[in-house]
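# Residue-level structural notes
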Amino acid sequence: MHTHHFDDDTQPAALDTAAATGAGQALHAYAALTPDVVLDALADVGLMGDGRMNPLASYENRVYQVWLDDGRKVVAKFYRPGRWSDDQIAEEHAFSQQLVDAEVPVVAPLVLNGTSLHHHAGFSFSVSPWRGGRQPDLDDWDVLEWTGRFLARIHTVGAAQPFVSRPAINVHDFGLEPHDWLMRHQAIAPSQRNAWSDACLRAIGKIRHIMDPGNATGHFAAGPCQTLRLHGDCHPGNVLWVPPDEAGGGPHFVDLDDARTGPAVQDMWMLLSGNRAQQAAQLSTLIEGYEQFRPFDRRELVLIEPLRTLRLIHYSAWLARRFDDPIFPIHFPWFGSDAYWQEQTQLLHAQVEAMDEAPLYV
């Protein structure tokens, strides 16, 4: 199975834009985002680069580590045009700042000229302080428990008020709409089209039964659960770990680009790996840390496999929608093949079986 990471703004990456030239490059919005445009955008907000910049591994947006002439390093993030509205980005920034104000270790965008969201040459962008770190060792129980405490502190702030403009994680946006888009745009290999669609719709039916509050008395149904503002894409690559003996030690996030409304367990399940027993032990440790700051509703455990399934469906449509971006064919050359869609069909069948099993118990 391919490793599926939506975004990782923490590690330097060889995103060779020169290699991405060719058919489609001139048609894509990011073709206009040259190094000069990046430096001019920073100059517009009073930050003078010394000419050095390093692209970071972010497929959804374009993110650069930039050295300033005063010796500082900042991270400039240019949002993918058409993905989020200014109001939705502003909500992300406000959430980040609320977390900082609550002394939760999150790197919030800098406020420059009175605002954290800026515009230049048709792009929306933000600038954040550069922060180092590495991926956490989630095989270390102390790290897992610390991460659980960290998530609880994020969720305490997240529960204080709702998002108004940012959408929620739901069956329609992450399941039905991606399915329908892929079918309508004939994005699925013809030999796998019907098999994938049948497996996908069967999985969506299971998800609806579990997640629909009207099915609260049904087989392994969640019933009504609290929803709150989340990180939304909490896989290990999106958590930076700083050793405890260093300043700012522990886990922190540098980006809330995928922040949405949803159940608390959405920010837990992507941190789990291994077989069922290993995942149960990891989850128990996460929740042990979490409940030092905030109670966790065990009914949400039944949502883990439905949320995992929705991510699979959404991920395929995300790749298909982005394939006009020249970076995507370079970094995801396996996407769209018969083998890819056959694998996705098999994964969806496996997820249907997983949703028929009792949820993880801790």
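Bear in mind the structure is a predicted one, so any value in this text is a computation, not a measurement.

### What to know about helix α4 (residues 171–184)
Each α-helix winds once per 3.6 residues, and so residues spaced three or four apart point in a common direction. Here α4 spans 18 Å end to end across 14 residues, near enough to the 20 Å set by a 1.5 Å rise per residue. For α4, the principal kink sits at Glu177 and spans about 30 degrees; a proline, Pro178, occurs within the next four residues. For α4, the complete set of buried residues consists of Val171, Phe174, Gly175, Leu176, Pro178, His179, Trp181, Leu182 and Met183. Buried-residue contacts for α4 involve α5 (193–211), α7 (304–322) and α9 (338–356).

### Quick notes on the pattern of salt bridges
Tallied over the full model, the rule gives 21 salt bridges. Glu60 serves as the salt-bridge partner of Arg322, at 2.6 Å between the closest nitrogen and oxygen. Taken together, the residues span a long stretch of sequence, with Arg322 in helix α7 and Glu60 in the loop between β1 (49–56) and β2 (62–68) at a distance of 262 residues. Arg311 is the salt-bridge partner of Asp233, the closest N and O atoms lying 2.9 Å from each other. Remark: Arg311 occurs in helix α7 and Asp233 occurs in the loop between β6 (228–229) and β7 (240–242); sequence separation between them is 78 residues. Since its relative accessible area comes to 1%, Asp233 is described here as buried. Sharing partners across several salt bridges, the network here consists of Glu60, Arg62, Lys77, Arg80, Arg83, Glu92, Arg166, Asp255, Asp257, Asp258, Arg322 and Asp325.

### Looking at the packing of α4 against α5
With their axes 10 Å apart at the nearest point, α4 and α5 run at an angle of 165 degrees to one another. Classified by the angle their axes make, α4 and α5 are roughly antiparallel. Seen along the crossing, α4 lies across α5 with a hand that is left-handed. Listed contacts from α5 to Val171, Gly175, Leu176, His179, Leu182 and Met183 of α4 are Arg193, Trp196, Ser197, Cys200, Leu201, Ile204, Ile207, Arg208 and Met211. Taken together, the residues that form the contact of α4 with α5 break down as 10 nonpolar, 3 polar and 2 charged.

### A few points about the confidence of the model for the protein
Overall, the prediction assigns the protein a mean pLDDT of 88, with 90% of residues at 70 or greater. Mean pLDDT across the elements of the protein bottoms out in strand β8 (residues 250–252) (82) and peaks in strand β4 (residues 118–120) (98).

### Some points on the sheet that holds β1
Read across the sheet, 5 strands follow the order β1-β2-β3-β5-β4 without closing on themselves; strand pairing throughout is antiparallel. Two strands lie at the open edges of the sheet, namely β1 and β4, each paired on one side alone. Taking the axes of each pair of neighbouring strands and ignoring which way they run, one obtains an average angle of 35 degrees across the sheet. In the sheet, β1 pairs with β2 via 5 bridges, with the strands oriented antiparallel. The residue of β2 that forms the bridge with Gly49 is Leu68. Against the sheet, helix α1 (residues 35–44) touches β1, β2, β3 (73–78), β4 and β5 (123–129), its axis set at about 115 degrees to β1.

### Focus on helix α6 (residues 276–290)
The end-to-end C-alpha distance of α6 is 20 Å, a good match for the 21 Å that 15 residues give at a rise of 1.5 Å each. Turning to α6, its buried residues number three or more, namely Gln279, Ala280, Gln282, Leu283, Thr285, Leu286, Ile287, Gly289 and Tyr290. Against the buried residues of α6 lie α3 (141–158) and α7. Where α6 begins, the side chain of Asn275 points an oxygen toward the backbone nitrogen of Ala277, at a separation of 3.1 Å.

### Section: the side chain of His118
Secondary-structure assignment places His118 in strand β4. Accessibility expressed as a relative area gives 6% for His118, which makes it buried. Among the polar contacts made by the side chain of His118, one reaches the main-chain carbonyl oxygen of Thr115 at a distance of 3.4 Å. Setting aside residues up to four positions removed in sequence, His118 forms contacts with Val45, Leu110, Leu112, Phe123, Ser124, Phe125 and Ser126.

### Quick look at the pairing of β3
A regular strand places its side chains on the two faces of the sheet in alternate fashion. Among the 6 residues in β3, 5 count as buried, and that is most of the element. Bridge count between β2 and β3: 6 bridges; the pairing is antiparallel. Note that in β3 the partner of Trp67 across the bridge is Lys73. Adjacent in sequence and paired antiparallel, β2 and β3 are bridged by 4 residues, among which Gly71 carries a positive phi angle near 95 degrees.

### Re unusual backbone geometry
Unusually for a residue other than glycine, Asn113 sits at a positive phi of about 55 degrees. Tracing the backbone through its elements, the reader meets Asn113 in the loop between α2 (86–101) and β4. Judged by its relative accessible area of 64%, Asn113 falls in the exposed class. Here the phi dihedral of Ala121 falls at roughly 55 degrees; this positive angle occurs in a residue that is not glycine. Mapped onto the elements, Ala121 comes out in the loop between β4 and β5. The class for Ala121 is exposed, based on a relative accessible area of 55%.

Cut-off values and rules
Residues numbered from 1 in each chain as written. Predicted model: local features only at pLDDT ≥ 70, side-chain atom pairs only at ≥ 80, totals over all residues. Heavy atoms only, no water. Helix = DSSP H or I, 4+ residues; strand = E, 2+ residues; numbered from the N terminus. Expected span 1.5 Å × (residues − 1). Bend = angle between axes of the 7 residues up to and from the residue. Buried < 20%, exposed > 50% of the residue type's maximum accessible area, 1.4 Å probe, protein only. Contact = heavy atoms within 4.5 Å. Salt bridge = Lys/Arg side-chain N within 4 Å of Asp/Glu carboxyl O. Axes fitted to C-alpha atoms, helices over the stretch in contact; angles between N-to-C directions. Parallel < 35°, antiparallel > 145°, perpendicular 65-115°, else oblique. Left-handed = near helix turned anticlockwise from the far one by under 90°. Nonpolar A, V, L, I, M, F, W, Y, C, P; charged D, E, K, R; others polar. pLDDT = per-residue confidence, 0-100. Pairing = 2+ DSSP bridges. Polar contact = N/O pair within 3.5 Å; in protein donor to acceptor, adjacent residues only side chain to side chain.

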